[in-house]
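# Coordinates in review
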Amino acid sequence: MKKILSFIMLFAVCLTAASCGGTGSDITSGSNTDTSDVFSDTLTTKQTEQSAQTTTTGGSVSPDVEYGENDVTVLDVGKYVKLVYNPAYCHITTSVEKGVGSRETVTLEVQMKDGYIFDGWSLEKAMDNGASRASRAEKYTLTVSNETMVWTNYSVSLVYHANGGETKNGSDTYTQNFSAVWYKCPSTLRENGYFTREGYTLVEYNTKADGSGTPVSLGSRVAMNECPSIDLYCIWEKQNDESDFEVTVDASAVTISKYIGSSENVVIPDSIKGKPVIGINNGAFSGTNVERVVLSKNVKYVAPNAFSNCNKLETFVMFDSLMEISDSSFEGTSVKNLRVNAALDMYDSWTTSWSNSKLDRLIWAKSNGADVVAIYGGSGAYYGFDCEAIDKALEGKYEIVNLGSNANVSASIYFEYLSSVMDEGDIVLWTPEAGDYVLGIEKFSQRAWEFNAGHYDILRNIDISEYEGVFSSYSSYAASHASAQRSFEAFDSNTNMYGDCVSERETRNPYCSYSYKSYVNSLENGTYSYIAGIIKDMSGKGIRIYYTYAAMSKDGTGFDDAIMADYESALLKAFPEVTVISEYKDCLVDNDQIYDSVWHLTLDGAKARTEVVIHDLVAQLEKEEG
């Protein structure tokens, strides 16, 4: 059962201690980026049907949707208008009048709930995705004779307290409005000169001025807890004195050659000798007793062996303006805690289209005390589910989140994160393709960075010392990120609010071959021992881990009864806390339900595959409930 909304969550990403309300100066709207928005029949059928029932021609009606549902809704208004809005934030009254010929005159009037901010109406796509504002008036009338999509644009506000520093306008507080059109949990401000304090580095925001509340890294998402406004405080750390460093100086910049100070907590200065510090040279900190290092936002590279043999170094804080760093920078050093602050805009690729809405929904659900079913797999999960159908089948008892990402993102990363934010009663539905990463091998990849670039705070719950390639894969990601950025408010509506891919897709008859046999020995030999420990911990907290097979083509090769029996036996031996709820044969689909690669399903394939999973999931829950 879902928990009451006042349930207090003690995990890093959800700012449950944040207060509703707060006042500040310099009110500014979030930035918009001109991007395409392919929004066609991508919202849930439940929402569309519910809204359509209330639409009539002539007169004034109020949509029959209750406040608090907090999902984007499409309302059919008359013959032509599809109105996009969220009943959690506003109430809309509509009227339609017949005009000349096929024309209709449609009037829309919005009444914002509580302190939510109305930003205006836009046509065909949201203002976040580049649309111009059609009207700022709360009452908007338009005449239409063909299908028109009208977006209701609104925002929430974050009130930032400079907390010893200054805002860019010299005041103590700065209020930034962030769009709530798509995301329930807005991103926080990145490092872009909004706040300054001479000789100090802004290392994070916090819900309390003394830093004892819930922290959030710059640019990461913050739970609003159904409030239209919350307060955040800048947390500053004093930079080390210039005398703590030997440096190399050129015409325009400084690099650190050697650390000669005695502090175990080192905060790299923004500048030395009046010039920006842009790099940490080979051996600069080698063999020192530093325990924690905070880089300046100006640092662009960290050389190999820069922090080699630093036996006490556990925490490393950096900005994503850093371009060059590698695992060799920490040779003989085992960093456990990595904190990343955003200085750039959001990565415009996998982050926007695949991951942001998923994490947004998870943070929102857990911050409001809901029980969650989190689906995890690679792209087969992203293309393979109809979560609205699962939601209906479970009668709203759980919030459903499809975290399906990519077969090159380690399941260990997500499971370790989920272990910290989920609790008793939650379910992880694990549906991995056959592959090292989706089975949880301890390696970071470029994809791992790309899929979490909109919420670096996922790293607050990850022990990076257990993973290979963390910093080396970051450098590959950094190069792509620097050349492809997009507003944190931008979204891709080909991913729905659950996290499913809802774009139209036809079969391309791909060749389907599977390799489960090759993973039997790896499972038996403990190759995935780290994720096995995570799963054991999750089970001890009352989090249930169910396993269902990734959908496969009936015409595929590389699997048969004997292979799959050996695989399942090895799986349960490696992960005894996991419950396999499906037979692999039940997860087979027709080849014409495969989209463009071995694991990707068409929409029809996803619906058929989901019916099987619903049957298995409901049967397992009924079994447990007696």
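Residues numbered from 1 in each chain as written. Predicted model: local features only at pLDDT ≥ 70, side-chain atom pairs only at ≥ 80, totals over all residues. Heavy atoms only, no water.

### Some details on the overall build of the chain
Secondary structure assignment for the chain yields 11 helices and 33 strands. Within the chain, the fraction of its 626 residues that count as buried is 61%. Considering only contacts in the chain between residues 6 or more positions apart, those separated by 24 or more positions represent 73%. (Helix = DSSP H or I, 4+ residues; strand = E, 2+ residues; numbered from the N terminus. Buried < 20%, exposed > 50% of the residue type's maximum accessible area, 1.4 Å probe, protein only. Contact = heavy atoms within 4.5 Å.)

### Digging into the pattern of salt bridges
Tallied over the full model, the rule gives 19 salt bridges. Salt bridges here are not isolated pairs; linked through shared partners, they connect Asp71, Lys184, Arg361 and Glu399. (Salt bridge = Lys/Arg side-chain N within 4 Å of Asp/Glu carboxyl O.)

### A word on the environment of Ser357
Counting through the fold element by element, Ser357 comes out in helix α2 (residues 350–367). Between the alpha carbons of Ser357 and Phe491 there is a distance of 7.9 Å; along the sequence they are 134 residues apart. Those residues in contact with Ser357 that lie beyond four places of it in its chain are Trp182, Tyr183, Thr495, Asn496 and Met497.

### Remarks on the sheet that holds strand β18 (residues 265–267)
In space, the four strands of this open sheet follow the order β18-β21-β23-β24, with parallel pairing throughout. This sheet does not close on itself; its edge strands, each paired only once, are β18 and β24 (337–341). Averaged over all pairs of adjacent strands, the angle between strand axes in this sheet comes to 10°, irrespective of strand direction. Bridging between strand β23 (residues 315–319) and β24 involves five bridges; their strand directions are parallel. By the bridge assignment, Thr315 is partnered in β24 with Asn337. Where helix α7 (residues 470–483) meets the sheet, it contacts β23 and β24, and its direction lies at approximately 5° from that of β23. (Pairing = 2+ DSSP bridges. Axes fitted to C-alpha atoms, helices over the stretch in contact; angles between N-to-C directions.)

### Details of the pairing of strand β9 (residues 148–161)
Burial runs high along β9: 14 of the 14 residues are buried. The alternating pattern of β9 places Thr148, Val150, Thr152, Tyr154, Val156, Leu158 and Tyr160 and Met149, Trp151, Asn153, Ser155, Ser157, Val159 and His161 on opposite faces, both of which are buried. Here four bridges tie strand β3 (residues 81–85) to β9, and the two strands are oriented parallel to one another. Each residue of the ladder has a partner; that of Lys82, found in β9, is Met149.

### Overview of the sheet that holds strand β30 (residues 544–547)
Pairing is parallel in the open sheet, where five strands are placed in the order β27-β26-β28-β30-β32. The open sheet has two edge strands, β27 (399–402) and β32 (579–580), and neither has a second partner. Taken together, the four bridges between strand β28 (residues 427–430) and β30 define a ladder with parallel strand orientation. Paired with Ile427 across the strands is Arg544, a residue of β30.

### A word on the side chain of Ser412
With respect to the secondary-structure elements, Ser412 resides in helix α5 (residues 411–421). At a separation of 2.6 Å, a polar atom in the side chain of Ser412 contacts the main-chain carbonyl oxygen of Gly440. (Polar contact = N/O pair within 3.5 Å; in protein donor to acceptor, adjacent residues only side chain to side chain.)

### Observations regarding the packing of α5 against helix α9 (residues 529–540)
When two helices pack together, you describe them by how their axes are tilted relative to each other and by the distance separating the axes. Contact geometry of α5 with α9 gives a least axis separation of 10 Å together with a crossing angle of 20°. Relative to α9, the element α5 lies roughly parallel. Considering the relative orientation of α5 and α9, their crossing is left-handed. In this structure, α5 contributes Ala411, Ser412, Phe415, Glu416, Leu418 and Ser419 to the contact, and α9 contributes Tyr530, Ile531, Ile534, Ile535 and Met538. Residues of the contact of α5 with α9, tallied by class, amount to eight nonpolar, two polar and one charged. (Parallel < 35°, antiparallel > 145°, perpendicular 65-115°, else oblique. Left-handed = near helix turned anticlockwise from the far one by under 90°. Nonpolar A, V, L, I, M, F, W, Y, C, P; charged D, E, K, R; others polar.)

### Structural notes on α9
The end-to-end C-alpha distance of α9 is 17 Å, a good match for the 16 Å that 12 residues give at a rise of 1.5 Å each. Considered for burial, the residues of α9 that qualify are Tyr530, Ile531, Ala532, Ile534, Ile535 and Met538. Taken from the residues just after α9, Gly542 is the one with a positive phi, measuring 90°. (Expected span 1.5 Å × (residues − 1).)

### Notes on α2
Compared with the 26 Å implied by 1.5 Å per residue over 18 residues, the 25 Å span of α2 between its first and last C-alpha is a close match. Most pronounced at Asn356, the bend in α2 amounts to some 40°. The element α2 is largely enclosed, with a buried count of 18 among its 18 residues. Gly369 occupies a position one or two residues after α2 and carries a positive phi of about 75°. (Bend = angle between axes of the 7 residues up to and from the residue.)

### Observations regarding the confidence of the model for the chain
Chain-level pLDDT for the chain is 90 on average; 89% of the residues reach the 70-or-more range. Per-residue pLDDT stays below 50 along residues 1–19; that stretch engages in 67 contacts with residues further than four places along the chain or on separate chains. Confidence drops under a pLDDT of 50 for residues 21–42, and excluding neighbours within four residues, the segment shows 69 contacts in the predicted structure. (pLDDT = per-residue confidence, 0-100.)

### A few points about the pairing of β23
Across the five residues that make up β23, a large majority, five, are buried. On β23, burial covers both faces: Thr315, Val317 and Phe319 on one face and Phe316 and Met318 on the other are all buried. Bridge analysis of strand β21 (residues 292–294) against β23 gives three bridges, and the strand direction is parallel. Each bridged residue has a counterpart across the sheet, and for Val293 the counterpart in β23 is Phe316.

### Digging into the packing of α2 against α5
At a minimum axis distance of 11 Å, the contact between α2 and α5 shows a crossing angle of 20°. In terms of their interaxial angle, α2 and α5 are classed as roughly parallel. Seen along the crossing, α2 lies across α5 with a hand that is right-handed. On the side of α2, the interface is formed by Leu359, Leu362, Ile363 and Lys366, while α5 contributes Tyr417, Leu418 and Val421. Looking at the contact of α2 with α5 residue by residue, the classes come out as six nonpolar, no polar and one charged.

### Considering the environment of Lys208
Structurally, Lys208 is set in the loop between β13 (200–206) and β14 (215–216). A C-alpha to C-alpha distance of 9.9 Å links Lys208 and Asn163, two positions 45 residues apart in sequence.

### Things to note about a negative patch on the surface
On the surface, Glu504, Glu506, Asp592 and Asp604 cluster together into a patch of negative charge. Looking at where Glu504 falls in the secondary structure, it is placed in the loop between β29 (485–486) and α8 (520–524). (Patch = residues over 30% accessible without salt bridge, like charges linked within 9 Å, V, L, I, M, F, W, Y side chains within 5 Å. Areas by Shrake-Rupley, 256 points an atom, 1.4 Å probe, with all protein chains shown as cover. Lys, Arg positive; Asp, Glu negative; His and termini not counted. Charge placed at Lys NZ, Arg CZ, Asp CG, Glu CD.)

### Observations concerning the nonpolar core
Most often, soluble globular proteins have nonpolar side chains that are buried together. With 120 residues, the main nonpolar core has Phe285, Trp430 and Tyr516 as its most contacted residues. Leaving out residues up to four positions away in the same chain, Phe285 has contacts with Phe245, Ile256, Tyr259, Val266, Ile268, Ile280, Val290, Ala306, Phe307, Ser308 and Cys310. Listed in part, the 56 residues of the second largest apolar core include Ile92, Met149, Cys227 and Phe491. (Core = buried A, V, L, I, M, F, W, Y, C linked by side-chain atoms within 4.5 Å.)

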